[in-house]
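Residues per chain, in single letters:
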Amino acid sequence: MNKPILKHVIVHELIKESGKDFDHSKPYNLRKTELDKNNVIVNKLVEDVIKLYGSRGNTAHYGVFKTINDKESNPKGIGPIPDKFHKYFSLPNFNSSEFIDFSNSIMKQLFEEAKGQTWPSGGYIVFTDYISENIRFLLITMLKKKGGMSISDALEPQELVHLDLSNINQAAKINFHLYDKYIKADDSTKSELSYLSFVSKTKGQSASAYFIAALGCDKGIASSGATRALPREARNYFKSDERTKRLAESFRNKVIRYLDEKNESKNPAKLADIADLASAHLTTLAEDERDSLVEGFMKHLNNEKTRIPSEFVINKPTLDKIKNVSFKDKLYSFNFDKELLGETSDAMIFYDQSKGSLVFNNLPAEAKSKIESAIKERKQALIKKIDNKLE
């Protein structure tokens, strides 16, 4: 990935200890000016956070802003942030004062959502408006303090406090291009689109829910796209590496079986489960090699291009379409993608109903070689058998 182009960066602090309410006289510490975009440390901070986002253990849900002001599901409504973002999105140019005002509005909304609750804790909130691969993003990330130790000049142990950059506590990212596409789409198209993503740890979910509620985020319902994409992208990723290429088809089939099992039990699919399946499928590789491949696999599935959420409901009609056609008896067996099957002679796999026959077209070189070798062996066996009879 190319280095992101930073347009605006600022850090604020939400001041709250877990188990206690806010000190209402000072709930947050707001920085008045942006951070220096050219500062090496600022750039490293942003790059580290972007790299961490979507990695294993930090996979994102995909969705949109809430739009239904339903009092039962959203007692406080959808909040002001969706409208404020639209105003920020609509600005004709990058504007520092507007960026700072918008970040302040979010900090105040975080306080409003978390006040009166015991378990939520504060942290440092990093706001970044940046461009990556020619697409503009707004990334809002909460980072926590982490204790540590060092040795002083007098060779005495001393306590250190630093940012924990090994783990994203909570975060949200908005894709400006997809937001523009969404607001211009009709209702039927919108159901399969998402423009924001968010990381919210399942551990202590009630403690972290305020962050997502403050921003007005809502999980997407594009389950059809995720169901269709997961087996396809699993195969594509395995095929892209020589070490896993030969395992691509078997792993895709394993993913489809997993989706089928989850659908039968009426449970959602989870990328954490897919990561475990991938690890179990790569036992022939060294542990560090396997971990690196699975980490890359998770980033591939959860990135801005592929956009498979960390958890999604399986779409049964879509799953039925991608499940393999398989048959096995004592004489022969076959197993292939439904997508390859057709009723015309130009299909990859042509079913001729009138003759009751199945024709495989455009076979790969390896398959042809095996078939030709088998035919040659059979011919040689027949010739030998005839020769033996003549003798």
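Draft legend 1. Molecular detail of the pattern of salt bridges. Taken as a whole, this structure holds 17 salt bridges when the rule is applied. Of the charged contacts in the structure, one is a salt bridge between Glu249 and Arg235, with a shortest N-O distance of 3.3 Å. Taken together, the residues Glu249 in helix H8 (residues 248-264) and Arg235 in helix H7 (residues 223-239) connect sequence positions 14 residues apart. Close ionic contact of Glu366 with Lys370 constitutes a salt bridge, the shortest N to O distance being 3.9 Å. One end of the pair, Glu366, and the other, Lys370, are both in helix H12 (residues 365-390), four residues apart, so they sit about a helical turn from each other. Of the two residues, Glu366 and Lys370, both sit in the exposed class.

Draft legend 2. Spatial organisation of the pairing of strand S17 (residues 357-360). Sheet analysis places strand S16 (residues 349-352) next to S17, joined by four bridges and oriented antiparallel. Paired with Asp352 across the bridge in S17 is Ser357.

Draft legend 3. Region of the structure containing the sheet that holds strand S3 (residues 61-65). Spatially, S2-S1-S4-S5-S8-S9-S3-S10 is the arrangement adopted by the eight strands of the open sheet, whose pairing is antiparallel. Each end of this open sheet is capped by a strand with a single partner; those strands are strand S2 (28-29) and strand S10 (217-219). Along the sheet, helix H4 (residues 176-184) contacts S3, strand S4 (123-132), strand S5 (135-143) and strand S8 (170-175); its crossing angle with S8, the most-contacted strand, is approximately 60°.

Draft legend 4. Spatial organisation of the pairing of S16. As defined by bridge partners, strand S15 (residues 341-342) adjoins S16 across two bridges and the pair is classed as parallel. Of the residues in S16, the one forming a bridge with Leu341 is Ile349. The turn linking S16 back onto S17 is made up of four residues, and Gly356 within it adopts a positive phi angle of 65°.

Draft legend 5. Quick peek at the sheet that holds S16. Pairing within the open sheet is mixed, and its three strands lie in the order S15-S16-S17. Every interior strand has two partners, whereas the edge strands, S15 and S17, have only one.

Draft legend 6. Quick peek at the packing of aromatic side chains. Taken as a whole and assessed by the stated rule, the structure comprises 23 aromatic pairs. With centroids separated by 4.3 Å and ring planes inclined at 10°, the aromatic side chains of Phe238 and Phe251 adopt a geometry described as stacked. Linking Phe238 in helix H7 with Phe251 in helix H8, this pair joins segments that are 13 residues apart in sequence. On the basis of relative accessible area, Phe238 is assigned to the buried category, the value being 2%. The rings of Phe65, Phe85, Tyr88, Phe89, Phe99, Phe102, Phe176, Tyr179, Tyr182 and Tyr195 are connected pair by pair, giving a single aromatic cluster. One cation-aromatic arrangement involves Lys16 over Phe22; the distance from NZ or CZ to the ring centre is 5.8 Å. Sitting over the ring of Phe137, Lys173 keeps its end group 5.2 Å from the ring centre.

Draft legend 7. Local environment of H7. Along its 17 residues, H7 runs 25 Å from first to last C-alpha, staying within 8% of the 24 Å computed at 1.5 Å per residue. At Ala229, H7 is deflected by roughly 30°, the largest bend along its length, and proline Pro231 occurs up to four residues later in sequence. Counted residue by residue, H7 has twelve buried out of 17 residues, so it is predominantly covered. For H7, the complete set of buried residues consists of Ser223, Ser224, Ala226, Thr227, Ala229, Leu230, Pro231, Glu233, Ala234, Arg235, Tyr237 and Phe238.

Draft legend 8. Local environment of the packing of helix H9 (residues 271-281) against helix H10 (residues 287-302). Contact geometry for H9 and H10: axes closest at 10 Å, N-to-C directions at 145°. The interaxial crossing formed by H9 with H10 has right-handed handedness. Side by side, H9 and H10 meet where Leu271, Ile274, Ala275, Ala278 and Ser279 of the first sit next to Arg290, Val294, Phe297, Met298, Leu301 and Asn302 of the second. Residues of the contact of H9 with H10, tallied by class, amount to eight nonpolar, two polar and one charged.

Draft legend 9. Representation of H9 within the structure. What H9 keeps buried is the set Leu271, Ile274, Ala275, Ala278, Ser279 and His281. What you see down the axis of H9 is that its buried residues fit within an arc of 165°, all on one side. Tucked inside the fold, the buried residues of H9 contact H7, H8, strand S11 (269-270) and H10.

Draft legend 10. Structural detail: the packing of H7 against H8. Two elements in contact, H7 and H8, have axes whose closest approach is 8 Å; the angle formed by their N-to-C orientations is 155°. Relative to H8, the element H7 is oriented roughly antiparallel. Where H7 crosses over H8, the two elements pack in a sense that is right-handed. In this structure, H7 uses Thr227, Leu230, Pro231, Ala234, Arg235, Phe238 and Lys239 to contact H8, whose residues at the interface are Ala248, Glu249, Phe251, Arg252, Val255, Ile256 and Leu259.

Criteria and thresholds
Residues numbered from 1 in each chain as written. Predicted model: local features only at pLDDT ≥ 70, side-chain atom pairs only at ≥ 80, totals over all residues. Heavy atoms only, no water. Salt bridge = Lys/Arg side-chain N within 4 Å of Asp/Glu carboxyl O. Helix = DSSP H or I, 4+ residues; strand = E, 2+ residues; numbered from the N terminus. Buried < 20%, exposed > 50% of the residue type's maximum accessible area, 1.4 Å probe, protein only. Pairing = 2+ DSSP bridges. Contact = heavy atoms within 4.5 Å. Axes fitted to C-alpha atoms, helices over the stretch in contact; angles between N-to-C directions. Phe/Tyr/Trp six-rings, centres within 6.5 Å; stacked < 30°, edge-to-face > 60°. Lys NZ or Arg CZ within 6 Å of the ring centre and 35° of its normal. Expected span 1.5 Å × (residues − 1). Bend = angle between axes of the 7 residues up to and from the residue. Left-handed = near helix turned anticlockwise from the far one by under 90°. Nonpolar A, V, L, I, M, F, W, Y, C, P; charged D, E, K, R; others polar. Arc of directions from axis to C-beta. Parallel < 35°, antiparallel > 145°, perpendicular 65-115°, else oblique.

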